[in-house]
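# Working through the structure, step by step
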Amino acid sequence: MRIAASHWRSAVHVGALRAFALLTVLATMIGGPGATLADNWSMSITVDNYYDIYFGDQFLTTPTFVGGDGDWTTTETWGITGVAATDFLYVPTASDHFVAQGFIGEFKNLTTGYTFVTSDNLGSPWEVFPAGQYLAALNALDPTIPAGVWPASTQPTVTQVQTAVAYATTNGLWVATDSAASYTNGDSPLPWGARPSIPASAEWIWHDSGGVPSGAYPSPFQGGNHNEFLVFRVEGAAIPEPTTLVLLSCGIVVCGIVVAGAGTRRQRTRSLSNRP
Ligand SMILES: [Ca+2]
Ligand SMILES: [Ca+2]
């Protein structure tokens, strides 16, 4: 009987091992490229006057901070690795409400090869949420956000950006960005001129509130408060399709067959060992 018990354990063990091995293979096959979902980025950017860069989901639930700056005369090039492919790119900005304001840059997803510049052209992935248009509502959610007017030269905190992003997404308030004729980097437009390390095709963008008249510069670049602060964003990759779940279910069924097979062998082993 000792031998029989040993055989029984052995058969179950082999079955379990096979099931585990199959599950591992399936997990690798199903999850391989999909489960990695880790993209590497390189971004060259400057803003008149302030910006930060974050990655996160559509509500910016768990922000990944990349970097920020407050000097338009310098182009910063940031790199980050291991960003979820489904993450959205966020660039909250603010200005001094003076002289001019704008945002220009180039963004490269090094993993997928997807490269895009700032632009308000048809098909541009950029959207913007003018938080200053909804300050009273945002103040009700986060009292640190003033209900009246956003102060000049003040970047929102990460928490304030999270509040704004969640509110904009929940209420469908993301809108197209704005620019002006001949405001690509290649145009070397006033007052900024050509910014280094940014392609000629990149276009200065901002949000046009309609409330700041043009002057030395066209709207929306003439200095003033265009419903700041602004949060620019680009959508992340789509959430994986339910086909992954179907594949996973198939994997579970196959594993179930293997386990059942182990059970059959177990019974056979038992009956053999029960011979007198
Ligand atoms: Ca800069
Ligand atoms: Ca300015």
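Going by the structure above, here's the rest.
Residues numbered from 1 in each chain as written. Chains lettered and ligands numbered in written order. Predicted model: local features only at pLDDT ≥ 70, side-chain atom pairs only at ≥ 80, totals over all residues.

Okay, the overall build of the chain next. Across its full length, the chain carries four helices and ten strands. The order of helices and strands in the chain, counted from the N terminus, is α-β-β-β-β-β-β-β-β-α-α-β-β-α. Counting every position in the chain, which comprises 276 residues, the buried fraction comes to 32%. Partitioning the intrachain contacts of the chain with sequence separation of at least 6 by distance along the chain shows that 73% fall at a separation of at least 24. (Helix = DSSP H or I, 4+ residues; strand = E, 2+ residues; numbered from the N terminus. Buried ≥ 20, exposed ≤ 12 C-beta atoms within 10 Å, placed from the backbone. Contact = placed C-beta atoms within 7 Å.)

A sheet is described by the order of its strands in space; here six strands give the open sequence S3-S2-S5-S10-S8-S9, paired in antiparallel fashion. Edge positions in the open sheet fall to strand S3 (64–69) and strand S9 (175–176), since each of these has one partner strand only. Here strand S8 (residues 127–130) pairs with S9 via two bridges, running antiparallel. Each residue of the ladder has a partner; that of Glu 127, found in S9, is Ala 176. (Pairing = 2+ DSSP bridges.)

Further remarks concern the nonpolar core. Judged by nonpolar contacts, the single largest core of 47 residues is most densely connected at Tyr 90, Phe 103, Ala 164 and Val 231. Where this core is concerned, the elements lending two or more residues are strand S1 (38–48), strand S2 (50–56), strand S5 (88–94), strand S6 (102–109), S8, helix H3 (158–170) and strand S10 (230–234). With residues up to four places along the chain from it excluded, the contact list for Ala 164 reads Phe 129, Ala 131, Leu 138, Pro 156 and Val 231. (Core = buried A, V, L, I, M, F, W, Y, C linked by C-beta atoms within 7 Å.)

Take the pairing of S10 next. Among the five residues in S10, four count as buried, and that is most of the element. Sheet topology places S5 next to S10; five bridges connect them, and they run antiparallel. When the sheet's bridge partners are listed, Pro 92 is paired in S10 with Val 231. Taken together, the four bridges between S8 and S10 define a ladder with antiparallel strand orientation. What sits directly across from Phe 129, in S10, is Val 231.

Strands sit in the order S4-S1-S6-S7 across an open sheet of four strands; the sheet is antiparallel. Each of the sheet's edge strands pairs with one partner strand only, and the pair in question is strand S4 (76–84) and strand S7 (115–117). The mean inter-strand angle of the sheet, taken between neighbouring strand axes irrespective of direction, is 15°. (Axes fitted to C-alpha atoms, helices over the stretch in contact; angles between N-to-C directions.)

This brings us to the environment of Ala 176. On the secondary structure map, Ala 176 appears in strand S9. Measuring from C-alpha to C-alpha, the distance between Ala 176 and Glu 127 comes to 4.9 Å, with 49 residues separating the pair along the chain. Sequence-distant contacts of Ala 176, defined by excluding residues within four places in its chain, comprise Asp 120 and Glu 127.

So, on to unusual backbone geometry. Trans peptide bonds make up the majority, and among non-glycine residues the majority have a negative phi. In this structure, the amide linkage connecting Ser 219 to the following residue, Pro 220, adopts the cis form with an omega of 10°. Considering the arrangement of structural elements, one finds Pro 220 in the loop between S9 and S10. Cis peptide bonds are those with omega within 30 degrees of zero, and the linkage from Glu 228 to Phe 229 qualifies with 5°. In this structure, Asn 227 is a non-glycine residue whose phi angle is positive, near 60°. Structurally, the position occupied by Asn 227 is in the loop between S9 and S10.

Take H3 next. Three or four residues apart is the spacing at which side chains of an α-helix point the same way, because the helix has 3.6 residues per turn. Over its 13 residues, H3 extends 18 Å from the first C-alpha to the last, a length consistent with the 18 Å expected when each residue adds 1.5 Å. Taken together, the buried positions of H3 are occupied by Gln 160, Val 161, Gln 162, Thr 163, Ala 164, Val 165, Tyr 167 and Ala 168. Of the surrounding elements, those touching the buried residues of H3 are S2, S5, S8, helix H2 (135–141) and S10. (Expected span 1.5 Å × (residues − 1).)

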